[in-house]
Amino acid sequence: MGRFARGGAMVGALVLTASLALTGCGGDQKKPEFVSGAQQTGAPAAAATTDAPSPQAVAPLTVNPADGDDDRPISSEIRAKIPGGGEVTKVVLATADGDTVEGQLRRDGSSWVPSKPLKYKTRYTATVTGTGTDGQSHQGTSSFTTMAKPKSMIGSGLYMFSGKTYGVAMPVVAEFSPGIPKKDRAAVQKRMFVQTDPPQPGAWHWLYNGTQAYYRAPEYWKPGTTITVRLALAGIPLSNGRYGNVDRTATAKIGRSFEMKVDNATKRMTVYQDGAVIRTLPVSLGKESTPSSSGTMVVMEKKESTVFDTRDEPDPDNQYVTKIDFAQRLTWGGEYIHSAPWSEGVQGRENVSHGCVNVSMANGRWLFARTLIGDPVTVRGTERKLVPGNGWTAWSMSWSEFVEGSALPVPEGGAGPAF
């Protein structure tokens with residue numbers, strides 16, 4: 001495989017919610033052949049002199065997709081091989097009409113990735129230029145045609161939106177319906193691009209059933225970080241006969257550091273901003289029969305006012321319809337931080353909730369005004385451990401545990417950007 005150079009101008013270039021039947025006070029479970037060189041003709045042999053030797057033919061640069069290929073996925077990347085090795089320095093990809101496609105070379109030199117999905121049932125010509133280890137210039141071209149739009153696709157989602165500001169624990173959350181088969185996850189993961197400014201290493205982690213993949217750094221994001229995401233999945237073929245439906249992109253910001261830590265032993269929440277304690281609040285957690293989950297969660301959703309309706313619970317004691325103020329979702333199973341004026345008398349002393357973190361009306365309002373989606377909430381000391389996938393659980397495991405869930409090898413300390 002010829003090595004792609006990083007330098008030089010490059011021209012041419014569902015949201016599925018995990019449905020977990022876990023008790024919670026909310027009760028709203030959200031279920032990518034050309035020979036270069038001159039050849040003299042027409043001159044008689046007697047005219048040849050030793051002063052002007054004939055140029056030698058240069059070995060061909062091989063391009064993939066190969067010339068004449070048909071039914072190529074619209075996720076195809078351009079690869080090239082220079083005999084004896086070398087560096088590809090330029091790629092031009094264009095349609096028959098002359099429209100060029102922008103793209104970037106991967107840092108590892110393995111391929112050139114179009115910056116957007118190719119069009120279905122369209123003929124493209126790739127012209128690749130490179131320099132061999134012998135110093136000779138090599139060029140190759142290939143014309144190929146993409147496939148028709150497939151009938152069977154896999155739904156996908158991205159829980160991040162351009163222009164939004166998130167908390168320091170906001171993972172990049174990719175979701176798939178149905179889940180990605182285990183043998184396809186490495187290929188899919190290689191098409192999920194994350195770049196941060198300032199640069200921070202990271203890794204992906206897959207849930208066991210392939211319905212979600214989280215991306216995070218070894219530590220919380222640095223405040224002020226810009227995160228740019230592209231899930232380049234449109235047209236990617238899977239082993240189950242399905243294809244990725246669309247590319248999803250987002251560029252978002254990370255705000256100030258804001259953390260909430262809840263200790264069941266003291267029944268207190270300690271609130272930190274930029275590392276300093278700014279308030280301590282009394283809380284009431286889940287009672288023994290409906291305990292709160294211990295682990296690190298993040299704020300997933302905020303509702304200033306909502307209604308908790310748990311009438312579908314099998315246990316009559318857990319069936320109710322209640323108006324709730326200042327609700328902040330932590331799990332898909334229905335655990336929230338919310339105001340609970342009915343438990344203010346025991347907050348700080350006794351657990352009486354159905355799994356939520358109860359705070360007073362005043363403290364609920366105060367918290368709600370300050371939190372962002374993606375702020376971390378750590379609960380410890382309860383009777384139940386947070387179930388992976390019950391919410392955005394990327395931070396409820398150590399870094400070493402997290403990287404074990406990657407479908408690709410992760411360098412020590414985390415991987416850098418693909419481009």
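Everything here concerns the structure above.
A. Local environment of the side chain of Thr146. For Thr146, the position within the fold is in the loop between β10 (137-145) and β11 (153-158). Within the structure, the side chain of Thr146 is placed 2.6 Å from the backbone oxygen of Lys119, a separation counted as a polar contact. Here Lys121 takes part through its backbone nitrogen, which lies 3.0 Å from a polar atom of the side chain of Thr146. For Thr146, the contacting residues outside a window of four places in its chain are Asp71, Arg72, Pro73, Ile74, Leu118, Lys119, Tyr120, Lys121, Thr122 and Tyr124.

B. Focus on the nonpolar core. Residues Met160, Val172, Phe176, Val188, Met192, Trp204 and Trp392 are the most contacted members of the largest nonpolar core, which totals 43 residues. Those elements that provide at least two residues to this core are β11, β13 (172-177), β14 (192-197), β15 (203-206), β16 (212-216), β17 (226-231), β19 (248-254) and α3 (399-403). With near-sequence residues (within four places) excluded, Trp204 lies in contact with Val172, Ala174, Gln189, Met192, Val194, Ala213, Tyr214, Tyr215, Leu231, Phe402, Gly405 and Ser406. Core analysis: the next-biggest nonpolar cluster, separate from the first, contains 19 residues, Met269, Val357, Trp366 and Leu367 among them.

C. Molecular detail of the pattern of salt bridges. Applying the stated rule across the entire model yields 12 salt bridges. Here Asp71 ties to Lys121 by a salt bridge, and the two come within 3.8 Å at their closest N and O atoms. Placement of the pair is Asp71 in the loop between β3 (58-64) and β4 (79-81) and Lys121 in the loop between β8 (112-114) and β9 (123-132), with a sequence separation of 50 residues. Given a relative accessible area of 52%, Lys121 falls into the exposed group. Notably, a salt bridge pairs Arg106 with Glu77, separated by 2.9 Å at the nearest N-O pair. Taken as a pair, Arg106 in the loop between β7 (103-105) and β8 and Glu77 in the loop between β3 and β4 lie far apart in primary sequence, 29 residues in all. The pair formed by Arg106 and Glu77 is uniform in burial state, with each residue classed as buried.

Criteria and thresholds
Residues numbered from 1 in each chain as written. Predicted model: local features only at pLDDT ≥ 70, side-chain atom pairs only at ≥ 80, totals over all residues. Heavy atoms only, no water. Helix = DSSP H or I, 4+ residues; strand = E, 2+ residues; numbered from the N terminus. Polar contact = N/O pair within 3.5 Å; in protein donor to acceptor, adjacent residues only side chain to side chain. Contact = heavy atoms within 4.5 Å. Core = buried A, V, L, I, M, F, W, Y, C linked by side-chain atoms within 4.5 Å. Buried < 20%, exposed > 50% of the residue type's maximum accessible area, 1.4 Å probe, protein only. Salt bridge = Lys/Arg side-chain N within 4 Å of Asp/Glu carboxyl O.

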